[in-house]
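# An overview of the molecular structure
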Amino acid sequence: MIYFDMNIYNRIFDDQSQLRIRFETTAIDMIFNLVDTDRYRLCWSFILEDENNKNPFIDRKNYIRILSKSCKVIIPPSENIRDIAKFLMSVSNVKPKDALHVACAVHCDAKYFISCDDKLIKAINNSQARHGYDIKLFNPVEFIQNEVNIK
């Protein structure tokens, strides 16, 4: 199971003339193809829904809403998620919304959390935040390279 950070859903709208962004967009498209063929399942959460609802760009909001339909697991708010998020914030320097995203992924037993936010990935991976949680945090390109073995 995979949990995408909101920046994954928005990456296609970023400046594709930048090489890194273009690579990430291509990797995200590959991951969506893997989801479409049932190799992986996606999670959608209340915090993703909230962020998307606050998106001021109607076309982006509608596009992401369509993508969210491919998510097989829907995560409502819970005390467990709140507790995990508090723990993550106490052992790393992640922001509350980022902690909620990672907590949702942990709560639904996602194997992967994929984000374009290098600081978030580094903060969680370099802290005690993953202690006891069986989740891997990746950039989309790293996910394709490491987990799917596509070089």
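Everything here concerns the structure above.
Structure report, in brief.

Rules behind the numbers
- Residues numbered from 1 in each chain as written.
- Predicted model: local features only at pLDDT ≥ 70, side-chain atom pairs only at ≥ 80, totals over all residues.
- Heavy atoms only, no water.
- Helix = DSSP H or I, 4+ residues; strand = E, 2+ residues; numbered from the N terminus.
- Buried < 20%, exposed > 50% of the residue type's maximum accessible area, 1.4 Å probe, protein only.
- Disulfide = S-S within 2.5 Å.
- Contact = heavy atoms within 4.5 Å.
- Pairing = 2+ DSSP bridges.
- Axes fitted to C-alpha atoms, helices over the stretch in contact; angles between N-to-C directions.
- Arc of directions from axis to C-beta.

## A short note on unusual backbone geometry
In this structure, D38 is a non-glycine residue whose phi angle is positive, near 65°. Position of D38 among the secondary structure elements: in the loop between α2 (19–36) and β2 (42–45). In this structure D38 comes out as exposed when scored by relative accessible area, which is 60%.

## Notes on the state of the cysteines
Applying the stated criterion to the full structure yields 0 disulfides. Of all cysteine sulfurs in the structure, the one in C43 sits closest to C71, which takes part in no disulfide; the separation is 7.3 Å. For C71, a relative accessible area of 8% corresponds to the buried category. Unpaired in terms of disulfides, C116 finds its nearest cysteine sulfur in C71, a separation of 16 Å. Classification of C116 by relative accessible area gives buried; the value is 10%.

## Observations regarding the side chain of S92
Mapped onto the secondary structure, S92 falls in the loop between α5 (79–91) and α6 (96–107). Its relative accessible area of 12% is what places S92 among the buried residues. Setting aside residues no more than four positions away along its own chain, S92 makes contact with A123, I124 and S127.

## Some details on the sheet that holds β2
In space, the 5 strands of this open sheet follow the order β3-β2-β1-β4-β5, with parallel pairing throughout. Strand pairing shows two members of the sheet lacking a second neighbour, β3 (71–75) and β5 (136–138), which therefore form its edges. Neighbour to neighbour, the strand axes of the sheet diverge by 30° on average, direction disregarded. With 3 bridges joining them, strand β1 (residues 2–4) and strand β4 (residues 112–114) adopt parallel strand pairing. Within β4, the residue paired with I2 across the bridge is Y112. Relative to β5, helix α8 (residues 140–147) is tilted by about 120°, and along the sheet it contacts β1, β4 and β5.

## Overview of helix α7 (residues 118–125)
All of the buried residues along α7 are L120, I121, A123 and I124. Buried positions in α7, seen along its axis, are confined to an arc of 165° and lie on one side of it. Exposed positions of α7 whose direction lies more than 90 degrees from the buried face are K119 and K122. Lining the buried residues of α7 we find α5, α6, β4 and β5.

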